[in-house]
Amino acid sequence: PRDVSADGYSETPTWKLSDVVNADTGFSTRTVLTSSGGRGNSFETVYKDRTTFARTGSTTAQREASNNDTLRWLLGVRAKEDGIAYRKRKLSPIGDIVNSSPVYVNDNAYLFVGANDGMLHAINSANGKVAFSYVPAGLDFNAWRDLSAPVYGHKFFVDGQIGFSKKT
């Protein structure tokens, strides 16, 4: 491996995000934020009493899914991944990261990265734990809800480059 002090990085990883998330028993209860009414709010608080994420299913291959169970699945709960009501995730509840390059913020030592689970994640760079996640306003909730369906065609969600403005 290279000398980190000389060129700022190492070729030897200290953690793998999917491994850390799978081992983190608190991942599904982490803080997930969104914008509602022009303010930052808890995503679950804003949407738990709505029907936004309920799915209907009329076949035995795809059962109905309640709003709260689908909401919990989207936030990372894996308990109902049965392949009938909810899709089984292959690696971890973190969606694939395709076109979003991580951005490192020196002030708090977090890596921020968008994923195709519909969220921007703030990751502690020292240990790989997700500190919090953010669901951006304007996300297509109908398409996002269907991410949990057992029969699913991949869609891109929070997949673009991240831009931060510097404090002045």
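For clarity, every value in this text was computed on a predicted model and none was experimentally measured.

*Asks:* Just checking my understanding: could you explain the packing of aromatic side chains for this structure?
*Replies:* Aromatic ring pairs are defined here through the distance separating the ring centres and the angle between the ring planes. According to the stated counting rule, one finds 12 aromatic pairs in the structure shown. Taking 5.6 Å as the distance between ring centres and 80° as the angle between the ring planes, the aromatic pair formed by F53 and W144 counts as edge-to-face. Separated by 91 residues along the polypeptide, F53 in the loop between helix 3 (43-47) and helix 4 (67-74) and W144 in helix 5 (residues 141-145) bring together distant segments of the chain. Both residues of the pair, F53 and W144, belong to the buried class. Measuring from centroid to centroid gives 6.2 Å for Y110 and F112, while their planes differ by 70°, and the two rings are edge-to-face. Accessibility classification places Y110 together with F112 in one group, the buried group. A connected cluster of aromatic rings, assembled from ring pairs, spans F43, Y47, F53, F141 and W144. A cation sits over an aromatic face here: R55 above Y86, 5.2 Å from the ring centre.

*Asks:* Just to check I follow, could you spell out the pairing of strand 5 (residues 119-124) for this structure?
*Replies:* Within a regular beta strand, the side chains point alternately toward one face of the sheet and then the other, so they alternate between its two faces. Of all 6 residues in strand 5, 5 are buried; the element is thus mostly enclosed. In this structure, the hairpin formed by strand 4 (residues 110-115) and strand 5 is closed by a connection of 3 residues, where G118 is found at a positive phi of approximately 90°. Both strand 5 and strand 6 (residues 130-135) contribute to a ladder of 4 bridges, which runs antiparallel. Across the sheet, residue A122 finds its bridge partner in strand 6, namely F132. Between strand 5 and strand 6, which follow one another and run antiparallel, lie 5 residues, and G128 among them has a positive phi close to 80°.

*Asks:* What's the story with the pairing of strand 6 in this structure? I'm lost.
*Replies:* Note that strand 1 (residues 31-36) and strand 6 share 4 bridges and pair parallel. Its bridge partner lying in strand 6, T31 is registered against F132.

*Asks:* Is there a simple way to explain helix 4 in this structure?
*Replies:* Side chains three or four residues apart in an α-helix point the same way, a direct result of the helix having 3.6 residues per turn. Taken residue by residue, helix 4 has N67, T70, L71, W73 and L74 as its buried positions. Taken around the axis of helix 4, the buried residues stretch over an arc of 160°, which confines them to a single face. The inward-facing, buried residues of helix 4 contact helix 3, strand 5 and helix 5. In the stretch just after helix 4, G76 is the one whose phi turns positive, near 115°.

*Asks:* Any chance you could explain the environment of S101 here in plain terms?
*Replies:* Here S101 is to be found in the loop between helix 4 and strand 3 (103-105). Along the backbone, S101 and G114 are 13 residues apart, and their C-alpha atoms lie at a distance of 7.9 Å. In this structure, S101 is in contact with F112, V113, Q161 and I162, ignoring residues within four places of it in sequence.

*Asks:* Explanation requested: the sheet that holds strand 3 in the structure shown.
*Replies:* Whether parallel or antiparallel, the strands of a sheet pair through hydrogen bonds between backbone atoms. Across the sheet, 6 strands lie side by side as 2-1-6-5-4-3; this open sheet has mixed pairing. In the strand order of this sheet, the two ends are held by strand 2 (39-42) and strand 3, each with one partner. Across this sheet, the average inter-strand angle for adjacent strands is 25°, counted without regard to direction. One ladder, built from 6 bridges, connects strand 4 with strand 5; its direction is antiparallel. Looking at the pairing, G114 lines up with L120 of strand 5.

What counts and what doesn't
Residues numbered from 1 in each chain as written. Predicted model: local features only at pLDDT ≥ 70, side-chain atom pairs only at ≥ 80, totals over all residues. Heavy atoms only, no water. Phe/Tyr/Trp six-rings, centres within 6.5 Å; stacked < 30°, edge-to-face > 60°. Helix = DSSP H or I, 4+ residues; strand = E, 2+ residues; numbered from the N terminus. Buried < 20%, exposed > 50% of the residue type's maximum accessible area, 1.4 Å probe, protein only. Lys NZ or Arg CZ within 6 Å of the ring centre and 35° of its normal. Pairing = 2+ DSSP bridges. Arc of directions from axis to C-beta. Contact = heavy atoms within 4.5 Å. Axes fitted to C-alpha atoms, helices over the stretch in contact; angles between N-to-C directions.

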